[in-house]
Amino acid sequence: MNYYWLTVNNNLVSTVAFAPQGTALSHELISEVENDNTLPFSLKLHEVTVGDKLVKGELSDHFSAYQPNSLAWPLMSEKMQSIIASHLTGLEQVEWKEVTVEGRTSSRLYYIPFFTSELDTINMAESIIVPSSGIVLKPCFKREKIEKLAIFHGYSRFWKITTQIYINEEIKNDLIDSHLFELSFSRINIK
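For clarity, every value in this text was computed on a predicted model and none was experimentally measured. The residue count restarts for each chain, going from 1 along the sequence in the order it is written. In view of the model being predicted, local features appear only for residues whose pLDDT reaches at least 70, and side-chain atom pairs are presented and counted only at 80 or more, with totals across whole chains, interfaces and linings using the full set of residues. Side-chain figures throughout are based on the complete set of non-hydrogen atoms in the structure, without hydrogens or water.

A word on the nonpolar core
To be explicit about the condition: We define a nonpolar core as any set of buried Ala, Val, Leu, Ile, Met, Phe, Trp, Tyr and Cys residues linked to one another through side-chain atoms lying within 4.5 Å. Relative accessibility under 20% of the residue-type maximum defines a buried residue, over 50% an exposed one, and the middle range a partly exposed one, all with a 1.4 Å probe and only protein chains included. Helix and strand assignments come from DSSP, with helices taken as H or I runs of at least 4 residues and strands as E runs of at least 2, each series counted from the N terminus. By the convention used here, residues are in contact when the closest approach between their heavy atoms is within 4.5 Å.
Leu-6, Tyr-66, Met-80, Phe-152, Ile-167, Leu-175 and Leu-183 are the most contacted members of the largest nonpolar core, which has 35 residues in total. Elements with a contribution of two residues or more to this core: strand S1 (3-8), helix H2 (78-85), strand S7 (94-102), strand S8 (107-115), strand S12 (151-153), strand S13 (165-168), helix H4 (169-177) and strand S14 (183-187). Sort the elements by how many residues they give to this core and S1 lands first, with four residues. Residue contacts for Tyr-66: discarding those within four places in its chain leaves Leu-6, Thr-7, Val-8, Pro-74, Leu-75, Met-76, Met-80, Ile-165, Glu-182 and Leu-183.

Quick notes on the packing of H2 against H4
So the rule is basically this: The axes used here are C-alpha line fits, helices contributing only the stretch in contact, and every angle between their N-to-C directions lies in the interval 0 to 180 degrees. Helix crossings are classified by the rotation of the near helix relative to the far one: an anticlockwise turn of less than a right angle makes the crossing left-handed, while a clockwise turn makes it right-handed.
Running from N to C, H2 and H4 cross one another at 150°; their axes reach a closest spacing of 9 Å. With respect to the hand of their crossing, H2 and H4 are arranged in right-handed fashion. Contacts from Met-80, Ile-83 and Ile-84 of H2 reach H4 at Ile-171, Asp-174 and Leu-175.

What to know about the side chain of Thr-162
As a reminder of what qualifies: Pairing of N or O atoms within 3.5 Å defines a polar contact, subject to two protein rules: one partner must be a possible hydrogen donor and the other a possible acceptor, and residues neighboring in sequence count only if both atoms are side-chain atoms.
By the secondary structure assignment, Thr-162 is in the loop between S12 and S13. A polar side-chain atom of Thr-162 sits 2.9 Å from the main-chain amide nitrogen of Gln-164. Apart from residues no more than four positions distant in its own chain, Thr-162 is found in contact with Pro-74, His-153 and Gly-154.

Description of the layout of surface pockets
Spelled out, the test is: Definitions used throughout: a 1 Å grid over protein atoms alone; a cavity as a set of points that fits a 1.4 Å probe which cannot get out; a pocket as an open set with protein on both sides within 12 Å along at least five of seven lines; a lining residue as one with an atom within 4 Å of a point. Grid points are joined across faces, edges and corners, and a volume is the space filled by probe spheres set on the points.
Considering only enclosed or pocket space, the largest pocket measures out at about 370 Å³ in volume. The wall of the largest pocket is formed by 16 residues, among which Val-136, Leu-137, Pro-139, Tyr-155 and Gln-164 lie closest to the centre. Going through the elements one at a time, strand S10 (136-138) and S14 are the ones with two or more residues in the lining of the largest pocket.

Set out below in C-alpha cells:
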C-alpha cells in the first residue's frame, strides 16, 4: 500500500484561523491540551492575501476541510476527521482534540489529531538527515512499522501535534471521493 504526506493545497485556500493575540507558541500549548479534549480558546477565521507577506483581512465564513491556522496545527473539519477516524486501527494511538473556529456569522468545530505515543516509523539509514541538528530533510519510512497504520506522524520532537501527517491510500481515496479538493497528497518513500 502507498502512503502520502497530507497537506493543504494553498492555491485553493484563502482563509487562515488565527489564535488570540498573545497566545503561547504551538509547542508550549501541547502540555495544556494534553489533559483536556478542548482548546482553552477559539480561533478567528480571516481572509488572507499573499504577496510579499501574508495580509490578514476581514472575518470570513469560508471554512476549509483542512483549515490553515496560525498555530500550524492540523485542523480537520468534522467530515475530514470522520473519514480518517473510520480507518484507524487503534495502533496509531490518536486522540482527537477539539477547537472552535469562529467566522464572520457562524462557527464550526474542528478536530486536531493528538498522538499519545511516539511511533517508531522512520528508516534512519535511508532518510536524509542534517547530522548536526538531527532534522530530517527527506524522510524514508519502515514498511514493516507503518503497514498496519492508517495515519502516523513524522519524525520530529513535536510529534504529539504535528503538521507532518501521513495517511494510507485508502484514506486518500476516501478524502478525494468526498470532494475535499483543497487537500494535497505527496507520496512518501518507504523501505
